[in-house]
Amino acid sequence: MQDEDINSFAGNLRGTLIRASDTAYDDARKLYNGMIDKRPMLIAQCVDSGDVITAVNFGREHGLVIAVRGGGHNGPGFASVDNGLVIDLQMMKGVRVDPKAQTVRVGPGCTTGDVDHATHAFGQAVPFGIISTTGVGGLTLSGGHGYLSRQYGLAIDSLIEADVVLADGSFVTASETENSDLMWALRGGGGNFGVVTSFLFRTHPAKMLYGGPIIFDLSDAETVMRWYRAFQEGAPKDFYIWLGLQSVPPGDPFPREHWGKKMCVLLVAHNGENAEASVNRIRAELPQPIIDWAGPIAYPALQSMFDALYPTGLQWYWKGDFVETLSDDAIAEHLRHAATVPTPISAMHLYPIDGAVHDKASGDTAWNCRNARWSMVIVGVDSDPANSGALKAWANGYWNAVHPYDLSGAYPNFMMEEGEARVRATYGDNYPRLASLKAKYDPSNLFHVNQNIQPSA
């Protein structure tokens with residue numbers, strides 16, 4: 001590639017083109033997961049759809065491998081690529097709430113916290129995840145589950161419309177009435193089908209919830225997990241609880257006497273009537289907690305509760321599964337590995353994906369797993385790169401022990417690079433249709449830096 005080609009590309013962008021020789025390069029290439037260290041040739045910081053079209057065309061015409069970056073939270077580092085082109089959407093951050101229509105239009109560079117801030121003023125929310133620094137694009141395109149999912153479904157279930165730049169550089173809008181097959185694929189198929197430059201979501205009532213952590217000593221975890229298994233079967237849709245096995249973080253605001261203790265946490269989030277009474281009823285059924293901070297809380301505060309524990313640049317290693325049942329034998333394996341959690345912020349979490357998520361059939365969207373009860377993630381996390389090997393070993397050992405009790409696929413955002421068979425297992429019966437749509441919208445597999453769906457022949 002000639003310098004004049006790159007100079008011409010830079011001149012055709014309203015945003016900034018960053019090269020490896022630029023002083024801004026090292027900061028621009030950093031990802032949320034500090035374990036990933038990639039060195040792209042070029043980073044196109046786009047500011048509008050025109051920039052995205054220009055970048056897609058340049059990458060395709062010059063044979064560059066393309067990665068698309070929204071929030072950059074992706075575990076295996078699919079938001080960047082060595083010696084290729086990063087199409088960076090972080091500057092495209094507009095949020096526009098329409099309170100009458102109860103919708104919000106969101107730019108692809110937004111975090112979920114950006115959207116929460118805007119919609120909260122109107123007592124509304126989109127069902128996103130549990131950390132507000134997560135990018136809207138990556139979270140949504142792979143499904144999106146969090147505190148409001150049992151009540152309102154996945155993020156994709158609230159997705160009404162998306163503007164998309166395709167692999168040939170064309171610009172289309174996808175909805176249930178326009179390019180509806182593309183819309184079906186975007187609802188869970190990841191970044192395989194194009195670069196989304198605008199999302200339109202339906203919003204839902206969520207202002208003040210009753211929520212927060214109720215923390216138990218690990219010695220009570222077996223009792224709590226068995227209670228949780230039974231509770232989940234009949235839980236009302238507006239009552240969401242995720243369960244975690246980890247350690248009490250050694251710092252404020254946690255009481256010093258509990259720092260570093262292995263724990264089982266129930267993070268409750270009730271978005272309905274008589275919330276405190278409902279939580280009090282479960283308190284009466286549970287062992288005595290060592291910490292109970294559940295109470296009235298604004299939705300954005302709940303969403304951002306763990307942001308400070310997980311800043312950008314930590315070492316991360318993810319492993320995930322969909323879980324349909326939580327047997328006694330599975331609980332025993334969870335507790336065995338939770339006792340050896342390697343760092344204070346490493347963890348296993350079970351996130352509910354039943355309730356309203358089950359209101360749709362597996363074939364209604366690309367997200368296939370509408371029969372699972374939980375989405376499990378095991379994360380090895382630390383600030384020290386020297387511990388990366390230990391994080392991987394713990395997470396893989398834990399996952400290998402519990403996977404026989406789980407379903408074959410996983411939430412794509414909780415997977416590392418795990419191969420085609422794992423991707424096929426994740427999409428199940430929907431994979432052939434996704435492969436056919438990949439052949440239609442991206443036949444050369446230009447967008448393959450992702451949990452990749454191969455175009456069918």
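Figured I'd write up the structure that's included with this text. (Residues numbered from 1 in each chain as written. Predicted model: local features only at pLDDT ≥ 70, side-chain atom pairs only at ≥ 80, totals over all residues. Heavy atoms only, no water.)

A closer look at the sheet that holds strand β9 (residues 171-175)
Here is the rule we go by: Paired strands are those between which DSSP finds at least two bridges. For helices the rule is a DSSP run of H or I covering at least 4 residues; for strands it is a run of E covering at least 2, with both sets numbered from the N terminus onward. All axes are obtained by fitting lines to C-alpha atoms, using only the stretch in contact for helices, and the reported angles, taken between N-to-C directions, cover 0 to 180 degrees.
The sheet built from 5 strands is open, its strands ordered β5-β6-β10-β8-β9 with antiparallel pairing. With partners counted over all chains shown, the strands left at the sheet margins are β5 (95-98) and β9, one partner each. Across the sheet, the axes of successive neighbouring strands diverge by a mean angle of 15°, strand direction being ignored. Inspection of the sheet shows strand β8 (residues 159-165) paired to strand β10 (residues 195-202) by 6 bridges, in the antiparallel sense. Bridge pairing in β10 links D163 to S198.

Comments concerning the packing of aromatic side chains
Rule in force here: Only Phe, Tyr and Trp rings take part, Trp by its six-membered ring, and two of them pair if their centres are within 6.5 Å. Stacked means planes under 30 degrees apart, edge-to-face means over 60, and tilted covers everything else. A 1.4 Å probe rolled over the protein chains alone gives each residue an accessible area, and that area as a share of the maximum for its type sets the label: buried under 20%, exposed over 50%, partly exposed in between.
Within this structure, the stated rule accounts for 18 aromatic pairs. With a centroid separation of 5.7 Å and an interplanar angle of 70°, the aromatic rings of Y147 and Y240 are classed as edge-to-face. With Y147 in the loop between α5 (136-141) and α6 (149-152) and Y240 in strand β13 (residues 239-247), this residue pair connects regions lying 93 residues apart in the sequence. Looking at Y240, the relative accessible area reads 1%, which means it is buried. Taken together, a centroid distance of 5.2 Å and an interplanar angle of 35° make the contact between F254 and W293 tilted.

A look at the side chain of D116
Note the threshold: Any two residues whose heavy atoms approach within 4.5 Å are treated as being in contact.
For D116, the position within the fold is in helix α4 (residues 112-120). Excluding anything up to four places from it in sequence, D116 contacts F128, Y299, P300 and Q303.

So, unusual backbone geometry
Residue D252 is joined to P253 through a cis peptide bond whose omega torsion reads 5°. Relative to the assigned elements, P253 resides in the loop between β13 and β14 (262-270). Non-glycine residue N83 carries a positive phi angle of around 60°. Position of N83 relative to the elements: it lies in the loop between β3 (66-69) and β4 (85-88). Take N83: its relative accessible area is 54%, and that puts it in the exposed class. Its identity as a non-glycine residue notwithstanding, N445 has a phi of 60°, on the positive side. Inspection of the secondary structure puts N445 in the segment after α14 (431-441).

Some details on the environment of A121
As for its placement among the helices and strands, A121 is situated in the loop between α4 and β7 (124-125). Between the C-alpha atom of A121 and that of V97, which follows or precedes it by 24 residues, the distance is 9.6 Å.

Concerning the nonpolar core
Keep this limit in mind: In these notes, a set of buried Ala, Val, Leu, Ile, Met, Phe, Trp, Tyr and Cys residues joined through side-chain atoms within 4.5 Å is what counts as a nonpolar core.
Grouped together as the largest cluster of nonpolar side chains are 125 residues, with contacts concentrated most on Y147, L243 and L245. For L245, the residues in contact, after removing those within four places along its chain, are L218, A221, M225, M263, C264, H334, L335, A338, S346, A347, M348 and Y398. Listed in part, the 22 residues of the second largest apolar core include I6, A44, V56 and F447.

Focus: the pairing of strand β18 (residues 347-352)
Burial within β18 is extensive, with 6 of its 6 residues counted as buried. Here β18 shows two buried faces, one formed by A347, H349 and Y351 and the other by M348, L350 and P352. As defined by bridge partners, β13 adjoins β18 across 3 bridges and the pair is classed as antiparallel. By the bridge assignment for β18, L243 is matched with L350.

Brief notes about the pattern of salt bridges
What counts is decided by this rule: A pairing counts as a salt bridge when a side-chain nitrogen of Lys or Arg comes within 4 Å of a carboxyl oxygen of Asp or Glu.
A complete count under the given rule lists 23 salt bridges for this structure. As a salt-bridge pair, D26 and R29 come within 3.0 Å of each other at their nearest N and O atoms. With D26 and R29 both in helix α2 (residues 25-29) and 3 residues apart, the pair spans about one turn of that helix. Of the residues examined, D26 reaches a relative accessible area of 40% and is grouped as partly exposed.

Points about the packing of helix α1 (residues 3-11) against helix α3 (residues 49-61)
The criterion, for reference: To sort the angles, those under 35 degrees are grouped as roughly parallel, those over 145 as roughly antiparallel, those from 65 to 115 as roughly perpendicular, and the leftovers as oblique. Here a crossing is called left-handed whenever its near helix is offset anticlockwise from the far helix by less than a right angle, and right-handed whenever the offset is clockwise. Only Asp, Glu, Lys and Arg are considered charged, only Ala, Val, Leu, Ile, Met, Phe, Trp, Tyr, Cys and Pro nonpolar, and every remaining residue, Gly among them, polar.
Remark: α1 packs on α3, axes separated minimally by 10 Å, with the N-to-C direction vectors making an angle of 165°. As judged from the angle between their axes, α1 and α3 are roughly antiparallel. In the crossing of α1 with α3, the sense of the turn from one axis to the other is right-handed. Contact residues: α1 offers D5, I6 and F9, while α3 offers T54, A55 and F58. For the contact of α1 with α3, a count of residues per class yields 4 nonpolar, 1 polar and 1 charged.

Digging into helix α9 (residues 275-285)
As a reminder, the rule being used: Each direction from the helix axis to a C-beta atom contributes to the arc, which is the arc of those directions.
For α9, the complete set of buried residues consists of A275, S278, V279 and I282. For α9, the angular spread of the buried residues around the axis is 95°, confining them to a single face. Relative to its buried face, α9 has exposed residues pointing more than 90 degrees away, namely R281 and A284. Where α9 is buried, its residues touch β12 (208-217), α8 (221-234), β13 and β14.

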